[in-house]
Amino acid sequence: MGKQAGREPAARLSRRSFVGYVVGGTSLMVMADLALGASPASAVPIPSVPQIPELYDLNDFLVHCTLPTANHVGIRIDEQGDAHFALPRMEVGQGITTAVAMLIAEELDLPLDRVHVTLAPARPELLFNQLTGGSNTIISMYTPIRVAAAVARKALLEAAAIQLGALLTSLVAKGGVISAPDGSSVTYGDVATAAAAPTTRQVKVTLKAAAERTVVGTPQRRIDALDAVTGRKQFAMDIAVPDALPTMVCRAPDLNGTAKSIRNEAAVKAMAGVTHVAIIETGVAVRARTFGQCIDAVRALDVEWNAGPVAGKSAPDILKELRAAQLPLVVPKAGAATLDGDFVFHFRSGSALEPNCAIADVRADSATIWAGLKSPIDAQSKIAKILGLFQKQVSVNVVQGGGSFGRKLFSDGAIEAARASKAFGAPVKLMWHRADEPRQGRVHPMAVSRIRATVLLGSVISFEQRHTAVPTDFRHGLGERLTAEVSALPTGLGNLGFSETVFMLTQELPYNFGVITQLLNEPKPAPDRFNTSSVRNIYSPDVATANELMVDQLAKRLKQDPVAFRRSYLKSRVVKRVLNRAAELGEWGRAMPAGTAQGIAIHKEYKGATAVLVEIDCRPETVNRKVRDAVTGPRVTKAVVVIDAGVVINPLGIKAQMMGGFMDGMAQALTYGNHLVDGHFLEASWDNSAYTRQWNTPFDFQCEVLDSESKVPGGVGEAGVAASMAAVACAYARATGKMPTEFPINFHDPLHFEPKPFIPSVPQSPTDGLSYTS
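The structure reproduced in this document is the subject of the present report. All residue numbers here refer to positions counted from 1 along the written sequence of the relevant chain. Predicted model: local features are reported for residues with pLDDT of at least 70 only, side-chain atom pairs are reported and counted for 80 or more only, and whole-chain, interface and lining totals are derived from all residues. By convention in this description, side-chain values take in all heavy atoms of the structure and omit both hydrogens and water.

Some words on the sheet that holds strand β8 (residues 185–187)
Logical step 1: Criterion used throughout: strands pair if DSSP finds at least two bridges between them. A run of H or I in DSSP counts as a helix once it spans at least four residues, and a run of E counts as a strand once it spans at least two, with each numbered from the N terminus. An order of β6-β7-β8 is seen for the three strands of this open sheet, with the pairing classed as antiparallel. Each edge of the open sheet is held by one strand with a lone partner, namely β6 (172–174) and β8. The average angle at which neighbouring strand axes cross in this sheet is 20°, direction not considered.
Logical step 2: When strand β7 (residues 177–179) meets β8, the two strands line up antiparallel, connected through three bridges. Residue pairing for β8: Val 177 is matched across the bridge by Thr 187.
Logical step 3: Packed onto the sheet, helix α5 (residues 188–195) meets β6, β7 and β8 and runs at close to 75° relative to β8. What counts as an axis is a line fitted to C-alpha atoms, over the stretch in contact for a helix, and the angles between N-to-C directions run from 0 to 180 degrees. By definition in these notes, contact holds between two residues if any of their heavy atoms fall within 4.5 Å.

Let's talk about the pattern of salt bridges
Logical step 1: A carboxyl oxygen of Asp or Glu within 4 Å of a side-chain nitrogen of Lys or Arg is what we treat as a salt bridge. Applying the stated criterion across every chain yields a total of 48 salt bridges.
Logical step 2: Measuring nitrogen to oxygen at the nearest pair gives 3.6 Å for the salt bridge that ties Lys 260 to Glu 304. Taken together, the positions of Lys 260 in strand β11 (residues 258–262) and Glu 304 in strand β14 (residues 303–306) put the pair 44 residues apart, joining distant regions of the chain.
Logical step 3: The rule is simple: take the accessible area with a 1.4 Å probe, protein chains only, and divide by the maximum for that residue type; under 20% is buried, over 50% is exposed, in between is partly exposed. For Lys 260, a relative accessible area of 47% gives the class partly exposed.
Logical step 4: Of the residues examined, Glu 304 reaches a relative accessible area of 28% and is grouped as partly exposed.
Logical step 5: With its nearest N and O atoms 2.6 Å apart, the salt bridge here joins Lys 382 to Asp 378. Taken as a pair, Lys 382 and Asp 378 lie in helix α10 (residues 376–387) at a separation of four residues, close to a single helical turn.
Logical step 6: What makes Asp 378 buried here is its relative accessible area of 18%.
Logical step 7: Overlapping salt bridges bring together Arg 407, Asp 412, Glu 437, Arg 442, Asp 473 and Arg 475 as one network.

Details of the packing of helix α4 (residues 137–164) against α5
Logical step 1: One can describe the packing of α4 onto α5 by two numbers: an axis separation of 8 Å at closest approach and a directional angle of 95°. Judged by the inter-axis angle, α4 sits roughly perpendicular to α5. Residues Arg 153, Ala 155, Leu 156, Ala 159, Ala 160 and Gln 163 of α4 lie in contact with α5, whose contacting residues are Tyr 188, Asp 190, Val 191, Ala 192, Ala 194 and Ala 195.
Logical step 2: The class makeup of the residues in the contact of α4 with α5 is nine nonpolar, one polar and two charged. Angular relationships are summarised with four words: roughly parallel below 35 degrees, roughly antiparallel beyond 145, roughly perpendicular across 65 to 115, and oblique for the angles in between. Just so you know the grouping, Ala, Val, Leu, Ile, Met, Phe, Trp, Tyr, Cys and Pro go in nonpolar, Asp, Glu, Lys and Arg go in charged, and all remaining residues, Gly too, go in polar.

Some thoughts on a nonpolar patch on the surface
Logical step 1: A patch is a set of surface residues, each over 30% in relative accessible area and not in a salt bridge, joined within 9 Å for like charges and within 5 Å for the nonpolar side chains Val, Leu, Ile, Met, Phe, Trp and Tyr. Here the Shrake-Rupley method, with its probe set to 1.4 Å, supplies the accessible areas, and only the displayed protein chains count as covering residues. On the surface, a cluster of nonpolar side chains totalling about 330 Å² of accessible area is made up of Leu 456, Leu 457 and Ile 461.
Logical step 2: Within the fold, Leu 457 resides in the loop between β22 (447–456) and β23 (459–469).
Logical step 3: A residue is classified by how much of its surface remains accessible, and Leu 457, at 82% relative accessible area, is exposed.

A look at the nonpolar core
Logical step 1: Take the buried Ala, Val, Leu, Ile, Met, Phe, Trp, Tyr and Cys residues and link them wherever side-chain atoms come within 4.5 Å; each set so joined is a nonpolar core. Phe 513 and Phe 662 are the most contacted members of the largest nonpolar core, which has 77 residues in total.
Logical step 2: Here the element with the most residues in this core is helix α21 (residues 721–736); it accounts for 11 residues.
Logical step 3: In contact with Phe 513, not counting residues within four places along its chain, are Val 460, Ile 461, Ser 462, Phe 463, Val 551, Leu 554, Phe 565 and Tyr 569.

Focus on α10
Logical step 1: Its 12 residues give α10 an end-to-end C-alpha distance of 16 Å, which sits within 8% of 16 Å, the value for a rise of 1.5 Å per residue.
Logical step 2: What α10 keeps buried is the set Pro 376, Ile 377, Asp 378, Ala 379, Gln 380, Ile 383, Ala 384 and Leu 387.
Logical step 3: In this structure, the buried side of α10 is in contact with β17 (357–362), β18 (367–371), β19 (394–398) and α11 (412–424).
Logical step 4: A positive backbone phi angle near 75° is found at Gly 388, which sits one or two residues after α10. In this analysis, the expected span of each helix is defined as 1.5 Å times one less than the number of residues it contains.

Describing the sheet that holds β18
Logical step 1: Within the open sheet, the seven strands sit side by side as β12-β13-β10-β20-β17-β18-β19. Their pairing is mixed. Among the strands making up the open sheet, the edge pair consists of β12 (274–280) and β19. Ignoring strand direction, the axes of neighbouring strands in this sheet form an average angle of 20°.
Logical step 2: Pairing analysis gives six bridges linking β12 to strand β13 (residues 283–288), with the strands arranged antiparallel. Residue pairing across strands places Ile 279 opposite Val 284, the latter belonging to β13.

Quick look at the structure:
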């Protein structure tokens, strides 16, 4: 057959050759096309006895979902020659704007400070390509961004060749300047307009080889660091919107209780600064001139409340429900041949450092939202439905956030702000009180994990895990696109639910333990009972901690050193590398005083692997040390984290994520939890919840990022949590001689705080803060 009229022959692509487009318009705009030449999801080698994530994991799925709209993401070159990119993800401190800027600077041969990365507003046409989660941003954006930058560079070179009268192949681009052999040159800004095309055309480009890179792989400070430390960085609360006054919500004493009526509405409206008071779905919203006046009004409200869906229930009640719902183990208990473990993981808050906040300006025929949102298209859709508007009538602007931990996958604050603005008929700047977050915000679900391992003739022949949890709320979703993609997955998961799919695509036990089964059950599926979310690393911290504790027990049963045992049973060369390096750096096996010990654990996920070694001090003088208003207990004195993260964009960024992930994991093992009592959580602050503080951090922290054999980047935002939590638990077991089975380990210690009242829902603002400064 002859080629079709008006159509170019299909481009032949190699691993570094791609097709992009110079988009028609008045300024230079370029995009990438990754659908052309993409490998089918099933085109992967199949190991003999693989688990599902070894063949096709959550990141494979997320990347395949982004491919159809990858060419809708583009780079613009302005008349000064600077590059601009609106990233369809959310920066919450994980450093993705820096990594993306580095990728663009690399392919464009531009200085890093001339690449400007902003956050894109909600763009429904991107479908599933605007969700920040699963540590997937760099994995999914790595190629599209480089292709777009390379297309821009080629277009600039072509325009420069005409202007300079030189051969394209003779030109050199460096630092935003294009030079010809005769010494003449032009800047990117000089040719940006000429490089723009009146019509869209296909362009073939070749990406830089690893050996040619001068930016990617080098340690770089965050591009927003100076703004962050000087107070110039803009969060939602910093945005000035005309007449958007402070707004807060008085919340029910019961978890997810609702307001029935206000007994003193007129009196509260008459308070200083108060402009509006109204019942909304989640409580009673108050708008005032200052946040201090909002707090005063919230505390003054006399509200009749409807009971919440778990009124009167406490943690033991939920634990009983979970145990009753555990799926049965298949292998029968056979005396000394089997080892059983039964572990409990309590609720813990998913609060970020930045309180949940949003600005909303709702009009009769439109609405504009400003908020930190990881799923802005979903937020736009939900808000439009609530307001009775078409989705295109709602503009959602994504703002950088101060942390997330999965919390900002949900648009709770933005939805509340929209409801309040509609009820008041005025713009609002809504902020949650710190007490609202652990009590009514998103939490990591309570879970139990039951394990049975079978040993025969000195070898492990089976390993069963039954993980049972309060449902994780995935209603931020991946929309209908997820349903369509899941039904067609090559792994046979089409009929499983969302939670089951995520669990099966993420959980991998990388050992040769014969027959391995890991199953999830989430009873009582109504997610409105508890406000849960995909808290950082989702199921993995709990699952891996239970697994690695049992791996230590198996090593003990078979009279082997824990590191040697892992090394002999591990399937993956990558995991063995990180394990061996962690053991070497951490001086595994060195003599330790009684009451102290080392612990080690591994985790494989996000296209990479992590190993963590810790040393812990559980001696009475350490456990009982006194720090003012502090939770102390066992002290981790040393931590060594080794990661293979695939292709490294910014090693400094990876090390920062590993440090943060370690602090998360350590807290979840030792101190961080929420107490459910009589239908509400007692904690009302980060301090109550006992997250890692400076007096609990290790004296010695080391992180090494290995040179990887992989040709693609892995995800790092969550990669350090699971192995860290597991390593601390394993060290505690070796130091005390008793395997912990309930987390956090101090959960049943006497409360270190006096619970704040539930009515009013927020405490009085402190007036003595300066007395604690020095």
